[in-house]
Structures are given as C-alpha cells and as structure tokens.
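The chain contents come next:
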Amino acid sequence: MAPQRPSPPPDPEEIALRALGFLAADDERLERFLGITGLGPDTIRESASQPGFLAAVLDYLASDEALLLTFAANHRLDPQAISHARQKIAGPGEPPGPGEPQGPGAPPGPGAPL
C-alpha cells in the first residue's frame, strides 16, 4: 500500500466560511460575534457578501486565542493556516489582522497565539 500524501491546505475562503459556520453553530459564540461586529441576525447575510467580511470573520477568530484553538482543533487545522487564510483573503495593502506580524520583524500583535 502506498503512503498517503497529506491533503493540501483548504482554500482560504473555505476556512473563513467554516469559521463563520463554527460561530453560527453555537448561540453564545454567535451572539458575541454579532455584538462585537454590530451586525444582527437580519443583516449578517447581506454583510457576508461584502468585501472584507470573510477577513473580518478570521480577524474576530484570531482575536480570541481560546476560540481560535478550538476552531483549529475542530477542523483539524494548524492555527497558522487561519492567519495565512486571512492574509490571502485580505490581499496586499490591507493592514495585518490580530495575531499577524505588524511589519518586517515585528512581533505578533495582541491576541496572537503563543
């Protein structure tokens, strides 16, 4: 039997959509996300189609280390894959999100996983 190759990392948008589903699957997590973002149950669908929304979901996730680690474990992802997904979704020129280096050689920002 041939050895199995590791599966490629998920698409960045897929990671962000999984993160949104993870938040929506638990009332407490969703209420906190909505409260912090100012969104409501009736506006989240419309907002989800706006540029930057998926990056904001990943920013939110990265701002809470326990939440980030729980999501990563539940989806069998390296927590760094979430940061990389956020960078790819946001594109060049966007400011770094929580937990991402703020510039060349800069330490991670507040909320960064250790």
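None of the values given here were measured: they were computed from a predicted structure.

**Student:** Account for the overall build of the protein, naming residues and giving values.
**Tutor:** For the protein, the count of helices and strands is six helices and zero strands. The secondary structure elements of the protein, listed N-terminal to C-terminal, are α-α-α-α-α-α. Taken over 114 residues, the protein has a buried fraction of 32%. Of the roughly 7,500 Å² that the protein leaves accessible, carbon and sulfur atoms contribute 55%.

**Student:** Now, about the environment of aspartate 11: what can you tell me, with residues and values included?
**Tutor:** Along the chain, the position of aspartate 11 falls in the segment before helix 1 (12-24). Classification of aspartate 11 by relative accessible area gives partly exposed; the value is 43%. Distance from aspartate 11 to alanine 81, taken between C-alpha atoms, is 9.9 Å for residues 70 residues apart in sequence. Looking at aspartate 11, its side chain comes within polar contact range of the main-chain nitrogen of glutamate 13, at 3.1 Å.

**Student:** Report on the packing of aromatic side chains, specifying residues and quantitative values.
**Tutor:** Scanning all chains against the criterion turns up three aromatic pairs. Ring geometry for phenylalanine 33 versus tyrosine 60: centroids 5.0 Å apart, planes at 70°, classification edge-to-face. On the criterion of sequence distance, the pair formed by phenylalanine 33 in helix 2 (residues 27-37) and tyrosine 60 in helix 4 (residues 53-62) is long-range, its members being 27 residues apart. One aromatic cluster is present, formed by Phe33, Phe53 and Tyr60 through successive ring pairs. Of note, arginine 29 hangs over the ring of phenylalanine 22, and the distance from its end group to the ring centre comes to 3.8 Å.

The rules behind the values
Residues numbered from 1 in each chain as written. Predicted model: local features only at pLDDT ≥ 70, side-chain atom pairs only at ≥ 80, totals over all residues. Heavy atoms only, no water. Helix = DSSP H or I, 4+ residues; strand = E, 2+ residues; numbered from the N terminus. Buried < 20%, exposed > 50% of the residue type's maximum accessible area, 1.4 Å probe, protein only. Areas by Shrake-Rupley, 256 points an atom, 1.4 Å probe, with all protein chains shown as cover. Polar contact = N/O pair within 3.5 Å; in protein donor to acceptor, adjacent residues only side chain to side chain. Phe/Tyr/Trp six-rings, centres within 6.5 Å; stacked < 30°, edge-to-face > 60°. Lys NZ or Arg CZ within 6 Å of the ring centre and 35° of its normal.

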